[in-house]
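Per-entry structural report
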Amino acid sequence: MLVGYARVSTPEQKLDLQRDALHQAGCDRVFTDVISGAQSERPGLADALTFLRTGDSLVIWKLDRLGRSLKDLIERVTALQARHIGLRSLQESIDTTTSGGKLIFHVFGALAEFERDLIRERTQAGLQAARARGHQGGRPTVMDARKVALAQSLYTNHQYSPREICATLKISRTTLYRYLPADVKHKG
């Protein structure tokens, strides 16, 4: 069975063009949304995905109607394939029930992975360049040697509770225990 899905971003836009194309493509049922593609929850799409059965195909007018990004699109198609459901995109002439359609989607997947790898490499290069200029990333240290000694002293002294020590030093309980030696933690 061919099940259609159409989406427009705003109420001013009309679904007629997509609906007509989906019916002409042979869709027995068409689900719709009037919602931005940036929204992750789309009731019409959720209903369409629930309606689909093994052997069916989800038909869309254009790929951007289904996914927010290439990564999102690939995840959706992978989930459909796991349920043995095909995807047809009318404008791009992609049909994942055919060998050619599967090839196109694997190429898209490879391109998305390549893009993620490039971003990772650029990020690492930027961090290395920053370190070379003397910049150190990460969260600033809240405990210097003086504060560590004071926390250990107050804790082993038993005059102050861990809560009072944390309030005084303006640190969390986790931070306090992280800086206490193992033998001190067990005695306290």
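Use the structure listed above.
Residues numbered from 1 in each chain as written. Predicted model: local features only at pLDDT ≥ 70, side-chain atom pairs only at ≥ 80, totals over all residues. Heavy atoms only, no water.

**Quick look at the overall build of the protein chain**
If you tally the helices and strands in the protein chain, you get 8 helices and 5 strands. For 188 residues, the compact-globule formula gives about 16 Å, and the C-alpha radius of gyration of the protein chain, at 28 Å, lies well above that figure. If you line up the protein chain on its principal axes, its C-alpha atoms span 80 × 40 × 35 Å. Buried positions account for 33% of the 188 residues belonging to the protein chain. Considering only intrachain contacts with a sequence separation of at least 6, the fraction spanning at least 24 residues in the protein chain is 62%. Total accessible area on the protein chain is roughly 12,100 Å²; 52% of this is exposed by carbon and sulfur atoms. Taking the average location of the 28 positive side-chain charges in the protein chain and that of its 20 negative ones, the two points are 10 Å from each other. (Helix = DSSP H or I, 4+ residues; strand = E, 2+ residues; numbered from the N terminus. Rg over C-alpha atoms; globule rule 2.2 N^0.38 Å. Buried < 20%, exposed > 50% of the residue type's maximum accessible area, 1.4 Å probe, protein only. Contact = heavy atoms within 4.5 Å. Areas by Shrake-Rupley, 256 points an atom, 1.4 Å probe, with all protein chains shown as cover. Lys, Arg positive; Asp, Glu negative; His and termini not counted. Charge placed at Lys NZ, Arg CZ, Asp CG, Glu CD.)

**Focus on the sheet that holds strand β1 (residues 2-8)**
With respect to topology, 5 strands assemble into an open sheet ordered β2-β1-β3-β4-β5, the strand pairing being mixed. Of all the strands in the sheet, the pair left with one neighbour each is β2 (29-34) and β5 (94-95). In terms of strand pairing, strand β3 (residues 57-60) meets strand β4 (residues 86-89) through 4 bridges, oriented parallel. Note that in β4 the partner of valine 59 across the bridge is arginine 88. The sheet strands contacting helix α1 (residues 16-24) are β1, β2 and β3, and the helix crosses β1 at an angle near 170 degrees. (Pairing = 2+ DSSP bridges. Axes fitted to C-alpha atoms, helices over the stretch in contact; angles between N-to-C directions.)

**Some points on the nonpolar core**
If you look at the biggest cluster of nonpolar residues, it comprises 19 residues, and the most contacted ones within it are Leu58, Ile60, Leu63, Leu66, Leu87 and Phe105. Breaking this core down by element, the ones donating at least two residues are β1, α2 (43-51), β3, α3 (70-82) and α4 (99-132). Among the elements that make up this core, the one with the highest residue count is α3 (4 residues). Beyond its immediate stretch of four places on either side in the chain, leucine 87 contacts Leu58, Ile60, Leu63, Leu66, Val77, Leu80, Ile94, Asp95, Thr96 and Phe105. (Core = buried A, V, L, I, M, F, W, Y, C linked by side-chain atoms within 4.5 Å.)

**Let's talk about unusual backbone geometry**
What you tend to see is this: most non-glycine residues have negative phi, and most peptide bonds are trans. Phi at serine 93 is positive, roughly 55 degrees, even though this residue is not glycine. Backbone geometry places histidine 158, a non-glycine residue, at a positive phi of 65 degrees. In this fold, histidine 158 is placed in the loop between α5 (145-157) and α6 (162-169). The exposed category is assigned to histidine 158, whose relative accessible area is 55%.

**Section: the packing of α5 against α6**
For any two helices packed against each other, the geometry comes down to the angle between their axes and how far apart the axes lie. In the contact formed by α5 and α6, the axes pass within 10 Å of each other and the chain directions differ by 155 degrees. Classified by the angle between their axes, α5 and α6 sit roughly antiparallel to one another. For the crossing formed where α5 meets α6, the hand is right-handed. On α6, the residues that touch Lys147, Leu150, Ala151, Leu154 and Tyr155 of α5 are Pro162, Ile165 and Leu169. Of the residues assigned to the contact of α5 with α6, the class counts are 7 nonpolar, no polar and 1 charged. (Parallel < 35°, antiparallel > 145°, perpendicular 65-115°, else oblique. Left-handed = near helix turned anticlockwise from the far one by under 90°. Nonpolar A, V, L, I, M, F, W, Y, C, P; charged D, E, K, R; others polar.)

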